[in-house]
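What follows is the residue order along each chain.
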Amino acid sequence: IAAVGDSFLFGFGVSVEDSLPETLENDLAESYPGTKWEVLNFGVTGYHLIDNRITIQEKALRFAPDLIILGYVLNDPQVEPVWPLAAHFAETRWWQHSNLLRGVAQLKNESRVRRSGEGDYIRYLHTDPEVWNQAANAIQDIGRIAKTEKVPILLVLFPLLPEADADWSSYPYTDLHRQVEQEAKNSGMMMLDLTPSLTVHSPADLRLSDRDGHLNEKGNRIAAQSIRMFL
């Protein structure tokens, strides 16, 4: 199994043994005695959908996987290099040499977030036509690659954890989950939303820390168990 995604799938902040891919591998081996499983971790912090498409095509398929797991987090449609790793390798555009033009670009982007996402950046990523079309095209490309290589693919959607002192009752992105699910199914992928498995636990029990919304050891274990049960 090739596991591809960003920091949530990679297991940011937890040990290798407690990461989702490693936990899933052990869970599968324990659940099916006498069988051998290998879950390879291709997750990279800060990767988005286009990065994941390239990873699948150029790296994961070289290992001839029997299944590809594509981790999806609601910030994955972003294509701007906001993480240090992506920013380091991003080619500088001509206008980025100007402080004035960078300021204009920032104001323009903030205006698009207000207009398309009602001020919510995550919603903007899924409702701005230009941004979402890039994300949808990447999902479709991954689906075509998997079909050509005759490898089934499972898109696993991670919800964004509420703050530690909050609960799940006001989670605002359920409609975006349905949007991603529809795109995945249209692209020939299986789809697993981890929200039902995670929402039976308080966010404080799942968060890496009060300040960090990545999954802790318990969260990764629940996610791995959900994937194993789905498979």
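Look up: the structure comes first, before these words.
Note that the structure is a prediction, hence the values are computed from the model and not measured.

(A) Representation of the overall build of the chain within the structure. Helix and strand content of the chain: 11 helices and five strands. Out of the 231 residues belonging to the chain, those deemed buried represent 44%. For the chain, the proportion of contacts with a sequence separation of at least 24, taken over those separated by at least 6, is 73%. Total accessible area computed for the chain in this model is approximately 12400 Å², and 51% of it derives from carbon and sulfur atoms.

(B) Just the sheet that holds strand 2 (residues 40-41), in detail. Strand order in the open sheet formed by five strands is 2-1-3-4-5, with parallel pairing between adjacent strands. Every interior strand has two partners, whereas the edge strands, strand 2 and strand 5 (190-193), have only one. Sheet topology note: the strand 1 (residues 2-4)/strand 3 (residues 68-73) ladder contains three bridges and is parallel. Within strand 3, the residue paired with Val4 across the bridge is Leu70.

(C) Structural context of the pairing of strand 4 (residues 153-158). Taking burial as the measure, the six residues of strand 4 include six buried ones, the bulk of the element. Neither face of strand 4 is open: one carries Ile153, Leu155 and Leu157, the other Leu154, Val156 and Phe158, and all of them are buried. Taken together, the six bridges between strand 3 and strand 4 define a ladder with parallel strand orientation. Bridging from a neighbouring strand, Tyr72 pairs with Leu157 of strand 4. Where strand 4 meets strand 5, four bridges bridge the pair, whose relative direction is parallel. Bridging from a neighbouring strand, Leu154 pairs with Met190 of strand 5.

(D) View of the side chain of His126. Looking at the secondary structure, you find His126 in helix 6 (residues 121-127). Taking relative accessible area as the criterion, His126 reaches 3% and is therefore assigned buried. A distance of 3.0 Å separates a polar side-chain atom of His126 from the backbone oxygen of Ile122. Not counting residues within four places of it along the chain, the set of residues in contact with His126 comprises Tyr72, Leu74, Pro77, Trp132, Leu176, Gln179 and Val180.

(E) Region of the structure containing the pattern of salt bridges. As enumerated under the stated definition, the model contains six salt bridges in all. Across the pair Arg53 and Asp141 runs a salt bridge, and its minimum N-O distance is 3.3 Å. Of this pair, Arg53 sits in helix 3 (residues 49-58) while Asp141 sits in helix 7 (residues 129-149); the two residues are 88 residues apart in sequence, bridging distant segments of the chain. When the shortest N-O distance is used, the salt bridge between Arg144 and Asp141 registers 2.2 Å.

(F) Representation of the nonpolar core within the structure. With 59 residues, the main nonpolar core has Tyr72 and Leu155 as its most contacted residues. If sequence neighbours within four positions are ignored, Leu155 has contacts with Leu70, Tyr72, Val180, Ala184, Met189, Met190, Met191 and Leu192.

(G) Here's a closer look at unusual backbone geometry. With phi around 50°, Ala64 is a residue other than glycine that occupies positive phi space. Among the secondary structure elements, Ala64 is positioned in the loop between helix 3 and strand 3.

(H) View of the packing of aromatic side chains. Summed over the entire model, instances satisfying the criterion amount to six aromatic pairs. Ring plane angle 35° and centroid distance 5.8 Å describe the contact between Tyr121 and Tyr124, whose orientation is recorded as tilted. Remark: Tyr124 and Tyr121 occur in helix 6; sequence separation between them is three residues, near one turn of the helix. Geometrically, the ring pair formed by Tyr171 and Tyr173 is edge-to-face, given 5.8 Å between the ring centres and 90° between the ring planes. Classification of Tyr171 by relative accessible area gives buried; the value is 13%. With a relative accessible area of 10%, Tyr173 lands in the buried category. Members of the aromatic cluster, connected to one another through ring pairs, are Trp168, Tyr171 and Tyr173.

So, how was this worked out
Residues numbered from 1 in each chain as written. Predicted model: local features only at pLDDT ≥ 70, side-chain atom pairs only at ≥ 80, totals over all residues. Heavy atoms only, no water. Helix = DSSP H or I, 4+ residues; strand = E, 2+ residues; numbered from the N terminus. Buried < 20%, exposed > 50% of the residue type's maximum accessible area, 1.4 Å probe, protein only. Contact = heavy atoms within 4.5 Å. Areas by Shrake-Rupley, 256 points an atom, 1.4 Å probe, with all protein chains shown as cover. Pairing = 2+ DSSP bridges. Polar contact = N/O pair within 3.5 Å; in protein donor to acceptor, adjacent residues only side chain to side chain. Salt bridge = Lys/Arg side-chain N within 4 Å of Asp/Glu carboxyl O. Core = buried A, V, L, I, M, F, W, Y, C linked by side-chain atoms within 4.5 Å. Phe/Tyr/Trp six-rings, centres within 6.5 Å; stacked < 30°, edge-to-face > 60°.

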